[in-house]
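# Reading the structure
Listed here are the chains, written in short residue letters.
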Amino acid sequence: MPPLNVTSLAPATFILMGIPGMEKSHLWLSILFCSMYLVALLGNSLLLSIVRSERSLHQPMYLLLCLLALADLALSTATVPKMLALFWFGRREISFGACLTQMFFLHFSFSAESVVLVAMAFDRYVAICHPLRYAALLTPAAVAKTALAAALRSFCVILPCVFLLRRLPFCGRRVIPHTYCEHMGIARLACADISANVLYGLAVPFAAVVLDVALIAASYVLIVRALLRRPCGAARRKASGTCGSHLCVILLFYVPAFFTVLTHRFGRAIPQRVHILLANLYVLVPPMLNPVVYGARTRHIREKVMNVLGLSPDRPLQR
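Residues numbered from 1 in each chain as written. Predicted model: local features only at pLDDT ≥ 70, side-chain atom pairs only at ≥ 80, totals over all residues. Heavy atoms only, no water.

- For the chain, an unreviewed UniProt entry supplies the name Olfactory receptor and the organism Crypturellus undulatus.
- The annotation that UniProt attaches to the chain under Sequence similarities (unreviewed entry) is "Belongs to the G-protein coupled receptor 1 family."
- In UniProt, the chain has this text filed under Function (unreviewed entry): "Odorant receptor." (UniProt positions renumbered as here; feature names shortened; annotations may be inferred.)

Structure follows, in structure tokens:
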């Protein structure tokens, strides 16, 4: 067998094809995606600005919400600008290094947001089940440690994917039928055995997220038990309201993600364009709707947003 040409190990650039089979709709899709991205940028930036400027909101619940907004911004910004450049200007090429960087921050942001959602579930569990210990357990320092844990966990889980891809030979294959770079989309272009990529890419990140979902579910089982023991009243309605906002965000984040991953791995009968369209919505819908959900269901944030937009007379927030 002739020796493998070293230049074939990694192409200088990849070619992103957008959404194959929907080329005629690229312009209209780009307008939709751009609108969703702008709403996500505006909503999350406004949320960060409000929490930063309002001292009464410097509490663990709202600080965790800021971490969620930062993860949402990173998730959408890692993919959408390049996607829009592809749709509007035909800039399909992306360098090998830029492709790996985009893949890393895409999966990193998703993993980090999952950790933040676990922390938010724990926050609600302590607030409802152990309210007297809330101030001792949930502090700004604890939120900072949560941010560090989310970053470290995500970094350690995703970094091996970069090395697993860098070791593969591609033999000139460089066309990615997608709007952005993701782990298995790149690995499938390799002209070598990718079983390690398939095993690691499915087992480790998926297991980490499943563990997060299990922890969230356990928290809410305990929360529901505590709420059912309480008599009906204002306190019970208030606790149910804040948990309802968090549950909406959880469903917006995990349901599209799991559906995208499972259909991508096992849904062979589903057309490729449907896979790719769902993957695009998965990086846009949660970042766009999360601020709306919390803005609509959290009174303090809703009142402050209305004050900023001039929709109600300015009045101090009630603790």
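## Focus on the packing of aromatic side chains
- On inspection of all chains with the given rule, the structure shows 12 aromatic pairs.
- Considering the side-chain rings of Phe 14 and Phe 96, the 5.7 Å spacing of their centres and the 45° angle between planes classify their relative orientation as tilted. With Phe 14 in strand β1 (residues 13-16) and Phe 96 in helix α4 (residues 96-129), this residue pair connects regions lying 82 residues apart in the sequence.
- Relative accessible area serves as the criterion here: at 9%, Phe 96 is assigned to the buried category.
- A ring pair is formed by Phe 122 and Tyr 125, whose centres lie 6.2 Å apart and whose planes are at 40°; its orientation type is tilted. A residue pair is termed a helical-turn pair when its members lie 3 or 4 positions apart in one helix, as Phe 122 and Tyr 125 do in helix α4 at three residues. (Phe/Tyr/Trp six-rings, centres within 6.5 Å; stacked < 30°, edge-to-face > 60°. Helix = DSSP H or I, 4+ residues; strand = E, 2+ residues; numbered from the N terminus. Buried < 20%, exposed > 50% of the residue type's maximum accessible area, 1.4 Å probe, protein only.)

## What to know about the confidence of the model for the chain
- Scored by pLDDT, the chain comes out at a mean of 84, with 87% of its residues at no less than 70.
- Note that residues 1-8 has pLDDT below 50 and, in this model, five contacts with residues that lie over four places away or in other chains. (pLDDT = per-residue confidence, 0-100. Contact = heavy atoms within 4.5 Å.)

## Some remarks on the packing of helix α2 (residues 60-77) against helix α6 (residues 140-166)
- It is the contact of α2 with α6, at a shortest axis distance of 9 Å, that shows an interaxial angle of 20°. Classified by the angle their axes make, α2 and α6 are roughly parallel. Here α2 runs over α6; the crossing is right-handed. Taking contact as the criterion, the partners of Pro 60, Leu 63, Leu 64 and Leu 67 in α2 are, on α6, Pro 140, Val 143, Thr 146 and Ala 147.
- A breakdown of the residues in the contact of α2 with α6 according to their chemical character gives seven nonpolar, one polar and no charged. (Axes fitted to C-alpha atoms, helices over the stretch in contact; angles between N-to-C directions. Parallel < 35°, antiparallel > 145°, perpendicular 65-115°, else oblique. Left-handed = near helix turned anticlockwise from the far one by under 90°. Nonpolar A, V, L, I, M, F, W, Y, C, P; charged D, E, K, R; others polar.)

## What about the UniProt feature "transmembrane region" (unreviewed entry) in the chain?
- As recorded in UniProt, the feature "transmembrane region" (unreviewed entry) lies at residues 27-50, 62-88, 94-122, 134-165, 198-223, 244-262 and 274-296.
- Annotated as residues 62-88, this span is 93% helix and 0% strand, and its ends, taken at the C-alpha atoms, are 37 Å apart.
- Helix makes up 100% of residues 198-223 and strand 0%, and the two end C-alpha atoms of the span are 37 Å apart.

## Overview of the nonpolar core
- Of all hydrophobic cores here, the largest spans 91 residues; its most connected members are Phe 14, Leu 117 and Ile 186.
- Here this core takes 17 residues from α4, the largest share from any one element. (Core = buried A, V, L, I, M, F, W, Y, C linked by side-chain atoms within 4.5 Å.)

## Things to note about the state of the cysteines
- Under the counting rule described, the total for this entry stands at two disulfides.
- Bridging Cys 171 to Cys 191, the disulfide has an S-S length of 1.8 Å. Measuring handedness by torsion sign, the sulfur bridge of Cys 171 and Cys 191 sits at about 65° and is right-handed. Separated by 20 residues along the polypeptide, Cys 171 in the loop between α6 and β3 (175-176) and Cys 191 in the loop between α7 (183-187) and α8 (195-229) bring together distant segments of the chain.
- In this structure Cys 191 comes out as partly exposed when scored by relative accessible area, which is 33%.
- What links to what in the chain: the bonded cysteines, counted in sequence order, pair as 1-3, 2-4. (Disulfide = S-S within 2.5 Å.)

## So, α4
- Its 34 residues give α4 an end-to-end C-alpha distance of 50 Å, which sits within 8% of 50 Å, the value for a rise of 1.5 Å per residue.
- Counted residue by residue, α4 has 26 buried out of 34 residues, so it is predominantly covered. (Expected span 1.5 Å × (residues − 1).)

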